[in-house]
Amino acid sequence: VSQSRYTMLLGQTAQADTSEFVEITGTVTINITSGATDMVARQVSMEGIQISGSIVNTSSVDHTVTLCQGRLFGNNRLIYQNVTATQYRFRIDDFVINQATAGVNTDPMIHFAGTGGGASGCQVEINRLRATAKNNCPVIQFDTAATLTKCENTTFENTTSSGTASAICIFNGSALGAGLSAFGNTSFSYTGTTLS
């Protein structure tokens, strides 16, 4: 997706079965590079979509990305926000993110990186997310000045059987001073067969 206006991918199936999703296979790349500074008009929203692959965002101008009522399955790093925009919003609501198979990858499953804007500029909101890492890797990691402004009703799970399991949630570098990160009704669990 490379645009300067509102873009919405809405999955609708022919059946009335609400468990069915329209599926995208491969990498969904978001790279918004031009347009006026406007996070409202410049939005990418995906609802009712199942992605078998990954989502990569390398945008350089202000924008909003929303993932709602869907699923994301794949291997290694599944969401990579490598953003240089001064401001952006990233929202997840009612979503499932799972690594499909266990492997040797150590990249974070959900990774916020880049040189984007500061505490007030880059904000992440998570609600009703179930995220499960099968590799021995962090479930979510911040290596940027983005602030996790809200994380509610969420489960971060690591199913590794390693006795030296990676941390589930990591805040590195400028993320430590980016602003308050708020967790409510959030579970952090190791469910492998080895005491971690």
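Refer to the structure printed above.
Computed from a predicted structure; not experimentally measured.

Notes on the overall build of the chain
Thinking step 1. Helix and strand content of the chain: zero helices and 13 strands.
Thinking step 2. Tracing the chain from N to C terminus, the helices and strands come up as β-β-β-β-β-β-β-β-β-β-β-β-β.
Thinking step 3. Taking all 196 residues of the chain together, 44% fall into the buried category.
Thinking step 4. In the chain, the share of contacts with a sequence separation of at least 24, taken over all contacts with a separation of at least 6, comes to 77%.
Thinking step 5. Accessible surface for the chain amounts to roughly 8,700 Å². Of this, 49% is attributable to carbon and sulfur atoms.

Thoughts on the side chain of T66
Thinking step 1. In this structure, T66 sits in strand β5 (residues 63-74).
Thinking step 2. The class of T66 is buried, set by a relative accessible area of 17%.
Thinking step 3. Contact partners of T66, with chain neighbours within four places excluded, come to Q43, V44, S45, M46 and R91.

Some details on the environment of T25
Thinking step 1. For T25, the location among the structural elements is in strand β2 (residues 22-30).
Thinking step 2. Relative accessible area serves as the criterion here: at 67%, T25 is assigned to the exposed category.
Thinking step 3. On a C-alpha basis, the gap between T25 and G53 in space is 5.8 Å, while along the polypeptide they are 28 residues apart.

Regarding the pairing of strand β11 (residues 147-158)
Thinking step 1. As judged from the nine bridges shared by strand β9 (residues 122-133) and β11, these two strands associate in the parallel manner. Its bridge partner lying in β11, I126 is registered against C151.
Thinking step 2. As paired strands, β11 and strand β13 (residues 183-190) are joined by seven bridges and run parallel to one another. Residue pairing in the sheet places T155 in a bridge with S187 of β13.

Side note on the packing of aromatic side chains
Thinking step 1. Per the stated rule, a full pass over the model turns up five aromatic pairs.
Thinking step 2. With a centroid separation of 5.1 Å and 5° between ring planes, the pair formed by F142 and F171 is classed as stacked. In this pair, F142 is assigned in strand β10 (residues 140-142) and F171 in strand β12 (residues 169-171), connecting sequence segments 29 residues apart.
Thinking step 3. On the accessibility criterion, F171 (25% relative accessible area) is partly exposed.
Thinking step 4. Chaining the aromatic ring pairs together yields one cluster made of F90, F112, F142 and F171.
Thinking step 5. Its end group placed over the ring of Y80, R77 keeps NZ or CZ at 3.7 Å from the ring centre.

Overview of the side chain of E157
Thinking step 1. Among the secondary structure elements, E157 is positioned in strand β11.
Thinking step 2. At a separation of 3.1 Å, a polar atom in the side chain of E157 contacts the side chain of R130.
Thinking step 3. Those residues within four positions of E157 in sequence are excluded, and the remaining contacts are R130, A131, T132, A133, V139, S189 and T191.

Concerning the environment of S45
Thinking step 1. Along the chain, S45 falls in strand β3 (residues 43-47).
Thinking step 2. Along the sequence, S45 and T66 sit 21 residues apart, while their C-alpha atoms lie 4.6 Å from each other.

A look at the pattern of salt bridges
Thinking step 1. By the definition in use, this model includes three salt bridges.
Thinking step 2. The partner of D93 in a salt bridge is R128, and the shortest N-O contact between them spans 3.0 Å. Here D93 is found in strand β7 (residues 88-99), whereas its partner R128 is found in strand β9, with 35 residues between them in sequence.
Thinking step 3. Its relative accessible area of 23% is what places D93 among the partly exposed residues.

A closer look at the environment of I97
Thinking step 1. Within the secondary structure, I97 is located in strand β7.
Thinking step 2. I97 gets classed as buried once you look at its relative accessible area, which sits at 0%.
Thinking step 3. When the C-alpha positions of I97 and A131 are compared, they lie 4.6 Å apart, and in sequence the two are 34 residues distant.
Thinking step 4. Those residues in contact with I97 that lie beyond four places of it in its chain are L72, L78, I79, I92, M109, I110, L129, R130, A131 and T132.

Reading the values: rules and limits
- Residues numbered from 1 in each chain as written.
- Predicted model: local features only at pLDDT ≥ 70, side-chain atom pairs only at ≥ 80, totals over all residues.
- Heavy atoms only, no water.
- Helix = DSSP H or I, 4+ residues; strand = E, 2+ residues; numbered from the N terminus.
- Buried < 20%, exposed > 50% of the residue type's maximum accessible area, 1.4 Å probe, protein only.
- Contact = heavy atoms within 4.5 Å.
- Areas by Shrake-Rupley, 256 points an atom, 1.4 Å probe, with all protein chains shown as cover.
- Pairing = 2+ DSSP bridges.
- Phe/Tyr/Trp six-rings, centres within 6.5 Å; stacked < 30°, edge-to-face > 60°.
- Lys NZ or Arg CZ within 6 Å of the ring centre and 35° of its normal.
- Polar contact = N/O pair within 3.5 Å; in protein donor to acceptor, adjacent residues only side chain to side chain.
- Salt bridge = Lys/Arg side-chain N within 4 Å of Asp/Glu carboxyl O.

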